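Per-entry structural report
So the chains spell out like this:
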Amino acid sequence: AALRHEIARYVYSARGVTCKPEQIVIGAGTQQITGHLCRILKRLEADHVSLESPGYLPVQSMFRENGFAISHIPVTREGIDISKLPMNIASAVYVIPSNQLPTGAVMPIGRRRQLLRWASENDSFIIEDDYDSEFRFSKRPVPSIQSMDKNHRVIYFNTFSKTLAPSIRISYMVLPPALMDR
């Protein structure tokens, strides 16, 4: 409970993420929390996930191994191409908007708003992996998508592997209130 409380304080001050400590799920790495999320999404019958292409391969493998239908969505210099996301089906999209891996693309505010609109209109979720957003040297970081989300459609991922040490392996996700019971 104390760690969740401190994480909630930290992500609010660092990234504007608003949450209660009870919304935070802590795990030993991104793959472990992705596995937990796969079980939650399956209970919601959201068994389709869109992934950035090129994208983070270990997470892609997790979704594939858990039986999700997968769409690979191209990444432009402004992040994922929202026009290629599925319409009219409950699904999820996994994005790394602050420093897309491997391209380094940073999704601008306008595209983040479009993505939020897509999620709301399609009863879908955005999985925002914000793994190294704290590392900006020349300007302020772009706000997290979760901090802009008024409809509770964002599942926020982050880790302390980059900020503390890779060996610590503490990752966490912030669930929207509607997913907490699941």
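Starting from 1, residues in each chain are numbered consecutively following that chain's sequence as written. Owing to the predicted nature of the model, reporting of local features is limited to residues with pLDDT of at least 70; listing and counting of side-chain atom pairs is limited to 80 or more, with chain, interface and lining totals taken over all residues. The basis for every side-chain value is the complete set of non-hydrogen atoms in the structure, without hydrogens or water.

Description of the packing of helix α2 (residues 30–43) against helix α3 (residues 57–65)
- Put simply, α2 and α3 touch, their axes get as near as 10 Å, and they point 35° apart. Here α2 runs over α3; the crossing is right-handed. Contacts between α2 and α3 involve Thr-30, Gln-31, Thr-34, Gly-35, Cys-38 and Leu-41 from the first element and Pro-58, Val-59, Met-62 and Phe-63 from the second.
- Under the scheme applied here, ten amino acids are nonpolar (Ala, Val, Leu, Ile, Met, Phe, Trp, Tyr, Cys and Pro), four are charged (Asp, Glu, Lys and Arg), and all others, including Gly, are polar. Among the residues forming the contact of α2 with α3, the class breakdown is 6 nonpolar, 4 polar and no charged. Between N-to-C directions, angles cover 0 to 180 degrees, with each direction set by a line fitted to C-alpha atoms, over the stretch in contact for helices. For the purposes of this entry, the term helix denotes a DSSP run of H or I that reaches at least four residues, the term strand denotes a run of E that reaches at least two, and both are numbered from the N terminus. Take the far helix as the reference: if the near one is turned anticlockwise from it by less than a right angle, the crossing is left-handed, and if turned clockwise, right-handed. Note on contacts: a residue pair is in contact if any heavy atoms of the two residues lie within 4.5 Å.

Digging into the pattern of salt bridges
- Salt-bridge detection follows one rule: a side-chain nitrogen of Lys or Arg within 4 Å of a carboxyl oxygen of Asp or Glu. Applying the stated criterion to the full structure yields 4 salt bridges.
- Of the charged contacts in the structure, one is a salt bridge between Arg-9 and Glu-6, with a shortest N-O distance of 3.6 Å. Of this pair, Arg-9 and Glu-6 both sit in helix α1 (residues 2–15), 3 residues apart, which is roughly one turn of the helix.
- Of the charged contacts, one joins Arg-153 and Asp-123 as a salt bridge, the two residues approaching to 3.1 Å between their closest N and O atoms. Of this pair, Arg-153 sits in the loop between α5 (145–148) and β7 (154–159) while Asp-123 is found in the loop between α4 (109–121) and β6 (125–129), placing the two residues 30 residues apart along the sequence.

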